[in-house]
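# Report on the structure
What follows is the residue order along each chain.
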Amino acid sequence: MRMNRVGFVITTPTFGGPHNQALRLYKPLKELGWEVKVITTDMPGNGASRLGEKGVPVRKIPLHRLRRGFPKKLTSLVHVALDIPRLVRVFKEEKFDVIQFAGVQNLHVAIAARQVGLPVVSQLLSTYAPKAMRILFSPIVSLVSDAIMAVGSTVAQAHPGINIRGQSVILFFPPVDACELGCILEKRETMRTRLGLSQESVVVVTLGNFVPQKAHDILVEAAALVASKIPNAHFYILGSYAEEHRRYYENEVVAKAKNMGLLDKGVIRFIEVGAQAYEYLSIGDIFVLSSIAEGIPTAMLEAMAMGMPVVSTAVGSIPEVLKTAKAGLIVPPKDPAKIAEQIMLLIEDQELRISYSYNARAFILENVDVKRCAEIHARAYELALSRRRKHY
């Protein structure tokens, strides 16, 4: 029996949420009769290599996305227009049955799929696209999509007109393997000792690419406020550089931490974790997010699976998760004082921290699972196929 083939199109070069989704779902989807192949950009980044190392089929091609800022928008508009015939050719060569892509700013992927007559599954993974772009493009994405998926109802609602054709938006959690993360927790004390952390050290961690969206400059300011009151607090900012943002990050984030004396004092450490992300994540007592835009970050769910309470900005679908789970505290974006205040509350209130820790892991065990996520994706693919067949 022939396997159904899914073209999983990822326009970003640095390993992130879409790459993790492809990696985690590759085997369970194959067991359900769906074979995934990732089509991604040939720009510099670690996304394709990390997928390839784990056995996920990848094809790199010249592939672009719409960018912020007027000059970049004009240039990227030309690039994405030229991408459409290239994608059409690739989709034909690969003999895909369904095309999946994420982000309304990547509308050109759906247009290429439509030219080949392929069903389209569009995903809404964050609120990062500018509001004007979401207002303009969401109805168009609805018109060219056969199934729509979103991480949380808040993210779906942030895309007005996304179900203009009357489609139901399929909600899902990013795939997280709680059992694997539980096993990695056994290495926690070894990792902490290796990093020179004592039993008295309180470790606040975050995990995400080193990009402006994460607002790590705000987190640096919050760390300074916490350290001034709680000397045994340590902040570990874990992730990977996106080459296009390296200069920004070194000049605006790392330099700020250095100028404030936080690096020399050991208050903050920036670590490129690569494939050891989970081992480093396990050292944390509290997980923090200072982002200005998100969906439901996989890293947050992974931290919750490890029993970490969360302090996060009120962006994307994060508030609906944390309020339902009763596993963390919400703060306004771009407010280092509020972030510091809530981190210190969790450090000083052990009873609250333990309660949130228990609730966090319980929520993940009850609601978030790789197999369940794969089944939801498979249903979305079937729905897209059936709608396309009716159309023809």
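The following refers to the structure shown. Quick caveat, the model's predicted, so the values are computed rather than measured. (Residues numbered from 1 in each chain as written. Predicted model: local features only at pLDDT ≥ 70, side-chain atom pairs only at ≥ 80, totals over all residues. Heavy atoms only, no water.)

## Some details on the nonpolar core
Phe91, Tyr236, Phe287, Met300, Leu301, Met304 and Ile364 are the most contacted members of the largest nonpolar core, which has 103 residues in total. Counting residues per element, this core draws most heavily on helix α16 (residues 370-391), at 9 residues. With residues up to four places along the chain from it excluded, the contact list for leucine 301 reads Phe173, Pro174, Val176, Ile296, Val321, Ile364 and Val368. Ranked by size, the runner-up nonpolar core spans 35 residues in total, among them Ile218, Ala223, Ala227 and Ala340. (Core = buried A, V, L, I, M, F, W, Y, C linked by side-chain atoms within 4.5 Å. Buried < 20%, exposed > 50% of the residue type's maximum accessible area, 1.4 Å probe, protein only. Helix = DSSP H or I, 4+ residues; strand = E, 2+ residues; numbered from the N terminus. Contact = heavy atoms within 4.5 Å.)

## Some thoughts on helix α1 (residues 17-31)
The terminal C-alpha atoms of α1, which comprises 15 residues, lie 22 Å apart, in line with the 21 Å expected from a rise of 1.5 Å per residue. Of all bends in α1, the biggest is about 45°, found at leucine 25, and the proline proline 28 comes one to four residues later. Restricting attention to buried positions, one finds in α1 the residues His19, Asn20, Gln21, Ala22, Arg24, Leu25, Tyr26, Pro28 and Leu29. Of the residues one or two after α1, glycine 33 is the one with positive phi, at around 95°. (Expected span 1.5 Å × (residues − 1). Bend = angle between axes of the 7 residues up to and from the residue.)

## Comments concerning the packing of aromatic side chains
The tally for this structure, following the rule as stated, stands at 8 aromatic pairs. With 6.0 Å between their ring centres and 90° between their planes, tyrosine 249 and phenylalanine 270 make a pair best called edge-to-face. Remark: phenylalanine 270 occurs in strand β10 (residues 268-272) and tyrosine 249 occurs in helix α10 (residues 246-259); sequence separation between them is 21 residues. Judged by relative accessible area, which is 0%, tyrosine 249 ranks as buried. Here a set of aromatic residues connected by ring pairs shows up, and it is made of Phe210, Tyr241, Tyr248, Tyr249 and Phe270. In this structure, arginine 50 packs its charged tip against the face of phenylalanine 15, placed 3.9 Å from the ring centre. Stacked on the ring of tyrosine 241, the Lys or Arg arginine 246 has its end atom at 4.1 Å from the ring centre. (Phe/Tyr/Trp six-rings, centres within 6.5 Å; stacked < 30°, edge-to-face > 60°. Lys NZ or Arg CZ within 6 Å of the ring centre and 35° of its normal.)

## With respect to the packing of helix α12 (residues 298-305) against helix α15 (residues 350-367)
Their axes nearest at 7 Å, the elements α12 and α15 cross at an angle of 110°. Relative to α15, the element α12 lies roughly perpendicular. Contact residues: α12 offers Leu301, Met304 and Ala305, while α15 offers Ala360, Arg361, Phe363 and Ile364. Its residues assigned to classes, the contact of α12 with α15 comprises 6 nonpolar, no polar and 1 charged. (Axes fitted to C-alpha atoms, helices over the stretch in contact; angles between N-to-C directions. Parallel < 35°, antiparallel > 145°, perpendicular 65-115°, else oblique. Nonpolar A, V, L, I, M, F, W, Y, C, P; charged D, E, K, R; others polar.)

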